[in-house]
Amino acid sequence: MFEDIGNLFHGFAVVAQPFNLLLMVVGIVLGVIVGVLPGLGGANGIAILLPLTFSMSPTSAIIMLSCIYWGALFGGAITSILFNIPGEPWSVATTFDGYPMAQKGKAGEALTAAFTSSFVGALFAVIVITLVAPLVASFALEFGPPEIFSVYFLAFCSFVGLSKEPPFKTIASMMLGFALGTVGLDQMTGQLRLTFGVESMLNGFDFLIAVIGLFGIGEILLTMEEGLSFRGKSAKLNMKVVLQTWKELPRYWSLSLRSCLIGCWMGISPAGATPASFMSYGIAKRISKRGHLFGTGEIEGVVAPETAAHAAGTSALLPMISLGVPGSPTAAVLLGGLLIWGLQPGPLLFVEQKDFVWGLIASMYMGNLVGLVIVLTCVPLFASILRIPFSVIAPIILVFCAIGAYTVHNSTFDVFMMVAFGVGGYFMKKTNYPMAPMVLAIVLGDKAEESFRQSLLASQGGFSAFWSSGLVTTIMTLGLISLFWPLIQNGWTRLRGGSAPRPAQ
Amino acid sequence: MSDSINEAGGAGPSQRGAEIGVAAFIALLALIGIYGSLKVGIGWASDGPRAGFFPFYVCLVILLSCAVNTAQVIAAPKDGAIFAEWGNIRRVLSVLAPLIVYVTLVPFAGIYVASAILITFFMAWFGRYSLLVSAAVGLGMPILTFFMFEVWFLVPLPKGPLEQFLGY
């Protein structure tokens, strides 16, 4: 414990180097831009900007990339409140009360509340990470193949159980991800599979290409279809409004705390920031005395989803750094970054790469603070980005997507694949197939398969390895419970009598 | 989302058709996967499961869930929801078509020239900007990208005859 605090201070010293501070500011600014622009979000924004970090040290690289992530989380709030356009899926709930507030001329209050509660949520999650991640990692060091597989199993099952999309669509998209992940060289037997003699497929499908295509190109196609025109409220933020709002915010401490807890819980299990923000908004609406006024511009309706979304977005990094299991597509992209910089994600990071891990954790504290200052001072600047017409922005985003896809393996074939994934993403989005499980399955496919096959080997082809010790059995059972959670919930409410209400979303 | 389109009352391909089409396409990918897995062997060898073992079962699960998804669509009453209006689909194609041309051009012309063409074309044609403004943005962006990637961050991007002519 005390050693961890020492490590953390060492991390702060690493982050406070002038070069790293500069990267932090650059990262936040790029991140907010990415968050504000349609078609670019945390995951594909980081995927596209990943090549910029190839020549940096891993610690500097992760500082910049994680700051892009914080920036994107902040940026989503700007467009939701001023333009009624959620820049990111997790800021949809922020539009419910944020935009009405802006219409009433209280844009300044709404933005201040959103940024501040984002900061509070993130800070809470970082403290949780600081305290819990080292413990989880040291615990996970003992894991053998069956335990590792059971963790993956739990992660993917909770996707199916907690997702709002139809379960079989989630399963189809997840399994498609696993199938795409198996293309190329089989790491255990050294055999080529599913390449059908096509040379460009030897390397398999890189998930970064999938991320850029699904989230970037797919999103641009969707935006084109909906034909968005951006007409926003003007943003003016002066110190007086900020201070006034800050004076008001401590009143909502219980709301904040509740939203932090919801966010952390949803973020660690791979359900992610979007359901967390909706859940937090829904619960706040039910509990608050002014709940009936929600939707007309209540400040609580901004605080609740923003706190939860940021807490979830941040805590999604907990399983990523301690177990090597990313809790969100963005965390998955960061994990992909680790591999590119030559680091092996997983519990060993805490032992072998102390500088890196604690630098990352320290940069979470600093980055969110720097981010808060930057967004509070530069809102009008960022809002003006959205006033650039889409016919100018769209081709530029396409160009950056193509550059990002090319630089992953220096291959122009990947650029074609990006377009294919983009078209796929458009159709998946239109027919309600979730894309996050597919991306995570492509990332984790190799490792999940390896641990699965090793466990099967250990138990001579049976499944007994997964029920061999208390720990594995517990995790596997938890996985099964979360897989069938909607059914269990339904059955439970029916058991308690009366007609079963629809499961909570 | 389909609700709002429904209210607009335009004509277009049905959501049912799209759902079934997507499920069929995913099932087709799964069948290809099963064929490929069978080719490398799905059973056990002396050193454990063979290379096709995992993808084979994964693809089986995909087939199963596609069947369930299709059955659910067919069982649901026809609600007449449309996938998207034809006009909207045309807009999607108006960005997709230039994009496909663009990525086909990249290996030959290099990414900078192709990008300049894409941006200029899109702005002039879709955004109805004057050719002068479009060309200014279209040339400015790739030049900026060139300095950012090749010079500052030392990341090489695909180059074509023009860059060779200029000595890169």
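These numbers were taken from a predicted model, which means no experiment stands behind them.

Colleague: I'd like a rundown of the overall build of chain A, residues and numbers included.
Modeller: The number of helices and strands found in chain A is 22 helices and 2 strands. The C-alpha atoms of chain A give a radius of gyration of 22 Å, which matches the 23 Å a tight globule of 505 residues would have. Its C-alpha atoms give chain A principal-axis dimensions of roughly 70 × 60 × 50 Å. In chain A, which comprises 505 residues, the share counted as buried stands at 62%.

Colleague: How would you sum up the overall build of chain B? Please name residues and give values.
Modeller: Helix and strand counts for chain B come out as 7 helices and 2 strands. Secondary structure elements in chain B, listed N-terminal to C-terminal, are α-α-β-β-α-α-α-α-α. With 168 residues in all, chain B has 32% of them scored as buried.

Colleague: Pulling in residues and values, what's your account of the confidence of the model for chain A?
Modeller: Across chain A, pLDDT averages 84, with 94% of residues at or above 70. The spread of mean pLDDT over the elements of chain A runs between helix H10 (residues 239-248) of chain A, the lowest at 80, and helix H19 (residues 412-430) of chain A, the highest at 93.

Colleague: So what about the interface of chain B and chain A? Which residues, and what values?
Modeller: Facing the 54 residues of chain B at the interface are 49 residues of chain A. Put simply, the parts of the chain that give the side of chain B that touches chain A at least two residues each are helix H2 (15-40), strand E2 (48-49), helix H3 (53-75), helix H4 (86-109), helix H5 (111-125) and helix H6 (131-152) of chain B. Looking at the side of chain B that touches chain A residue by residue, the class counts come to 40 nonpolar, 11 polar and 3 charged.

Colleague: Please provide a residue-by-residue account of the packing of helix H5 (residues 92-103) of chain A against helix H13 (residues 300-315) of chain A, values included.
Modeller: All names here are of chain A. One way to put it is that H5 packs onto H13 with a least axis distance of 8 Å and a crossing angle of 150°. Regarding H5 and H13, the two cross each other, and that crossing is left-handed. Across the interface between the two elements, Ala93, Thr94, Phe96, Asp97, Gly98 and Met101 from H5 touch Gly301, Val302, Pro305 and Glu306 from H13. Looking at the contact of H5 with H13 residue by residue, the classes come out as 5 nonpolar, 3 polar and 2 charged.

Colleague: Can you break down unusual backbone geometry residue by residue, with the values?
Modeller: Unusually for a residue other than glycine, Asn410 of chain A sits at a positive phi of about 50°. The residue Asn410 of chain A is located in the loop between helix H18 (390-409) and H19 in this model.

Colleague: Provide a residue-level description of the nonpolar core, including the pertinent values.
Modeller: One finds Val211, Ala402, Met418 and Val439 of chain A to be the most contacted residues of the largest nonpolar core, which totals 219 residues. Once you skip the residues sitting within four places of it in the chain, Ala402 of chain A turns out to touch Val415 and Met418 of chain A together with Val103, Val106 and Ile111 of chain B.

Colleague: Which residues make up helix H12 (residues 273-287) of chain A, and what values go with them?
Modeller: Residue and element names in this part refer to chain A. Counted at 1.5 Å a residue, the expected span for H12 with its 15 residues is 21 Å, and the 21 Å between its end C-alpha atoms agrees. Burial runs high along H12: 11 of the 15 residues are buried. Along H12, the residues that are buried comprise Ala273, Thr274, Pro275, Ala276, Ser277, Phe278, Met279, Ser280, Tyr281, Ala284 and Lys285. If you follow the buried residues of H12, they end up packed against H5, helix H7 (145-162), helix H11 (253-268) and H13.

Colleague: So, the packing of helix H15 (residues 329-340) of chain A against helix H20 (residues 436-458) of chain A: which residues are in play, and what are the values?
Modeller: Residue and element names in this part refer to chain A. Packing of H15 against H20 brings their axes to within 9 Å, and their N-to-C directions diverge by 20°. Comparing their axes, H20 and H15 come out roughly parallel. Every pair of crossing elements has a handedness; the one defined by H15 and H20 is left-handed. Facing Pro329, Ala332, Leu335 and Gly336 of H15, the residues of H20 in contact are Ala436, Val439, Leu440 and Val443.

Colleague: Tell me about helix H8 (residues 167-182) of chain A, residues and numbers included.
Modeller: When the terminal C-alpha atoms of H8 of chain A are compared, their 23 Å separation across 16 residues agrees well with the 22 Å that a helix rising 1.5 Å per residue should span. Of the residues trailing H8 of chain A, Gly184 of chain A is marked for its positive phi of about 110°.

Colleague: Can you explain the environment of Leu456 of chain A? Please cite residues and give values.
Modeller: Note on placement: Leu456 of chain A falls in helix H20. Accessibility expressed as a C-beta count within 10 Å gives 23 for Leu456 of chain A, which makes it buried. Put simply, Leu456 of chain A and Val132 of chain A are 324 residues apart on the chain and 31 Å apart in space, counted from C-alpha to C-alpha. Beyond its immediate stretch of four places on either side in the chain, Leu456 of chain A contacts Gly461 and Ala465 of chain A together with Pro49 of chain B.

Colleague: Please set out the environment of Cys260 of chain A residue by residue, giving values where relevant.
Modeller: Residue and element names in this part refer to chain A. You can see Cys260 is positioned in helix H11. The buried category is assigned to Cys260, around which 26 C-beta atoms lie within 10 Å. When the C-alpha atoms of Cys260 and Pro305 are compared, they prove to be 9.7 Å apart, with 45 residues separating the residues in sequence. Sequence-distant contacts of Cys260, that is, excluding residues within four places in its chain, are made with Gly121, Phe124, Thr307 and Ala311.

Colleague: For the confidence of the model for chain B, give the residues involved together with the corresponding values.
Modeller: Residues and elements named next belong to chain B. For chain B, mean pLDDT is 86; residues scoring 70 or higher make up 93% of the total. Predicted confidence is poor over residues 1-8, with pLDDT under 50, and the contacts of this stretch with residues over four places away or in other chains come to 8 contacts. Reported confidence for the predicted complex is 0.89 by ipTM and 0.84 by pTM.

Parameters and conventions
The written sequence of each chain sets the order in which its residues are numbered from 1. Chain letters start at A and ligand numbers start at 1, both assigned in the order the entries are written. For this predicted model, a pLDDT threshold of at least 70 governs which residues receive local features, and a threshold of 80 or more governs which side-chain atom pairs are given and counted, while totals over whole chains, interfaces and linings are taken from all residues. Going along the chain from the N terminus, every DSSP run of H or I of four or more residues is numbered as a helix, and every run of E of two or more is numbered as a strand. Note on method: radius of gyration uses C-alpha positions; expected globular size equals 2.2 Å times residues raised to 0.38. Every C-beta atom is placed from the backbone, and the number of other C-beta atoms within 10 Å of a residue's own sets its class: buried at 20 or more, exposed at 12 or fewer, partly exposed in between. Confidence scores per residue from the predictor, reported as pLDDT, run from 0 to 100. For the purpose of contact definition, each residue receives a C-beta atom placed from its backbone, and two residues are in contact when these atoms lie within 7 Å. Think of it as three bins: nonpolar holds Ala, Val, Leu, Ile, Met, Phe, Trp, Tyr, Cys and Pro, charged holds Asp, Glu, Lys and Arg, and polar takes everything else, Gly as well. Axis angles are defined between N-to-C directions and span 0 to 180 degrees, where every axis is a line fitted to C-alpha atoms and, for a helix, only to the segment in contact. For any pair of crossing helices, the crossing counts as left-handed if the nearer helix is rotated counterclockwise from the farther one by less than a right angle, and right-handed if it is rotated clockwise. Linking buried Ala, Val, Leu, Ile, Met, Phe, Trp, Tyr and Cys residues through C-beta atoms within 7 Å yields a set, and such a set is a nonpolar core. A helix is expected to span 1.5 Å for every residue after the first. Angles below 35 degrees are treated as roughly parallel, those above 145 as roughly antiparallel, those between 65 and 115 as roughly perpendicular, and all remaining angles as oblique.

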